[in-house]
2 protein chains.
Amino acid sequence: MKDQTTKIIPTPEGCTAALGPLGDALYAIGGKWKLKIIIALMSGNKRFNELQRQVTGISAKVLSNELKEMELNDFVKKVTSATAKEVTEYELSDYSHTLRDVLTALSAWGTMHRQKITGRTVEQAPYPESILSR
Amino acid sequence: MKDQTTKIIPTPEGCTAALGPLGDALYAIGGKWKLKIIIALMSGNKRFNELQRQVTGISAKVLSNELKEMELNDFVKKVTSATAKEVTEYELSDYSHTLRDVLTALSAWGTMHRQKITGRTVEQAPYPESILSR
């Protein structure tokens, strides 16, 4: 676990400048669902219903909207299933894989944050290397 | 710039497991504003009005709610200004600095994403090292 007291001391100009790229990132992949959908698709293509089961809590309507938006922005694409014709699946685009570092950092932080909140140390934290190993 | 076609091939179990920490992270720091508020406070303590000016687009009501939530969750704290008594400022807690890797990864991805969207290469991308240098 990282030293929690590591300080980041940027310049004021640096901070103002950082709000731009951060804003761009949050605009594209912010919100409650997009990163979860991407992680769910990392283990392989999925049909709409499979995806909805894996991303717990998402409604069909919201999932449908998110997927449309993610198609437009080149994060996912619709493909025909390799096993059954006329069955549509969702596949991650190559571009989604550029989010590797973001997902690694968020998962690691989430693990650390849960330990802080629950006040216990998870003996074996399997993230993020094992999940995101190539 | 990173190779955009780098593939992440995790196991299905890894993906399911990753949704937990990612969900924890998004629950704590997801949404439109929290990370922006944290970046804005990195250059130093700020009064409410200064903060609202820097985080463009946020309303006073939303900023107030976000700050309350962030205080409860140990990301910011209220302090008395060093220069003027009876003036309250917001300060980043040590815990916010554990988000260093997340902010670095998001800023770097945001920079890359903007280049993709605008189709041009920024000659000098000052993020994230210069911003987040200690």
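What counts as what
Residues numbered from 1 in each chain as written. Chains lettered and ligands numbered in written order. Predicted model: local features only at pLDDT ≥ 70, side-chain atom pairs only at ≥ 80, totals over all residues. Heavy atoms only, no water. Helix = DSSP H or I, 4+ residues; strand = E, 2+ residues; numbered from the N terminus. Contact = heavy atoms within 4.5 Å. Areas by Shrake-Rupley, 256 points an atom, 1.4 Å probe, with all protein chains shown as cover. Buried < 20%, exposed > 50% of the residue type's maximum accessible area, 1.4 Å probe, protein only. 1 Å grid on protein atoms, 1.4 Å probe; cavity = no way out; pocket = protein on both sides within 12 Å on 5 of 7 lines; lining within 4 Å. Points joined across faces, edges and corners; volume = space filled by probe spheres on them. Nonpolar A, V, L, I, M, F, W, Y, C, P; charged D, E, K, R; others polar. Phe/Tyr/Trp six-rings, centres within 6.5 Å; stacked < 30°, edge-to-face > 60°. Lys NZ or Arg CZ within 6 Å of the ring centre and 35° of its normal. Axes fitted to C-alpha atoms, helices over the stretch in contact; angles between N-to-C directions. Parallel < 35°, antiparallel > 145°, perpendicular 65-115°, else oblique. Left-handed = near helix turned anticlockwise from the far one by under 90°.

## Focus on the overall build of chain A
In terms of helices and strands, chain A carries 6 helices and 2 strands. Put simply, 44% of the contacts in chain A that link residues at least 6 apart link residues at least 24 apart. Only carbon and sulfur atoms are counted for the fraction: they give 49% of the accessible area of chain A, which is about 7,100 Å².

## A look at the environment of A:Ile37
Residues and elements named next belong to chain A. Position of Ile37 relative to the elements: it lies in helix H2 (residues 34-41). Placed 48 residues apart in sequence, Ile37 and Lys85 show a C-alpha to C-alpha distance of 24 Å. If sequence neighbours within four positions are ignored, Ile37 has contacts with Leu51, Val55, Ile58, Leu63, Glu66, Leu67 and Met70.

## Re H2(A)
Across the 8 residues that make up H2(A), a large majority, 8, are buried. Restricting attention to buried positions, one finds in H2(A) the residues A:Lys34, A:Leu35, A:Lys36, A:Ile37, A:Ile38, A:Ile39, A:Ala40 and A:Leu41.

## Notes on empty space enclosed by the protein
Under the counting rule described, the total for this entry stands at 1 cavity of 30 Å³ or more. The wall of the largest cavity is formed by A:Leu26, A:Ile29, A:Gly30, A:Gly31, A:Leu35, A:Leu106, B:Leu26, B:Ile29, B:Gly30, B:Gly31, B:Leu35 and B:Leu106. Those elements giving two or more residues to the lining of the largest cavity turn out to be helix H1 (12-29) of chain A together with helix H1 (12-29) of chain B. Residue classes in the lining of the largest cavity are distributed as 8 nonpolar, 4 polar and no charged.

## Here's the deal with the packing of aromatic side chains
Geometrically, a pair of aromatic rings is defined through the distance of the ring centres and the angle of the planes. Applying the stated criterion to the full structure yields 6 aromatic pairs over all chains. Here the basic side chain of A:Lys116 rests over the ring of B:Tyr95, its NZ or CZ set 4.2 Å away from the ring centre.

## So, the packing of helix H5 (residues 100-118) of chain A against helix H5 (residues 100-118) of chain B
At a closest axis distance of 8 Å, the pairing of H5(A) and H5(B) adopts a crossing angle of 160°. The angle between H5(A) and H5(B) falls in the class roughly antiparallel. Relative to H5(B), H5(A) is oriented so that their crossing is left-handed. On H5(B), the residues touching A:Asp101, A:Val102, A:Ala105, A:Leu106 and A:Trp109 of H5(A) are B:Asp101, B:Val102, B:Ala105, B:Leu106 and B:Trp109. Among the residues forming the contact of H5(A) with H5(B), the class breakdown is 8 nonpolar, no polar and 2 charged.

Purely spatial values, then, with no claim about function.
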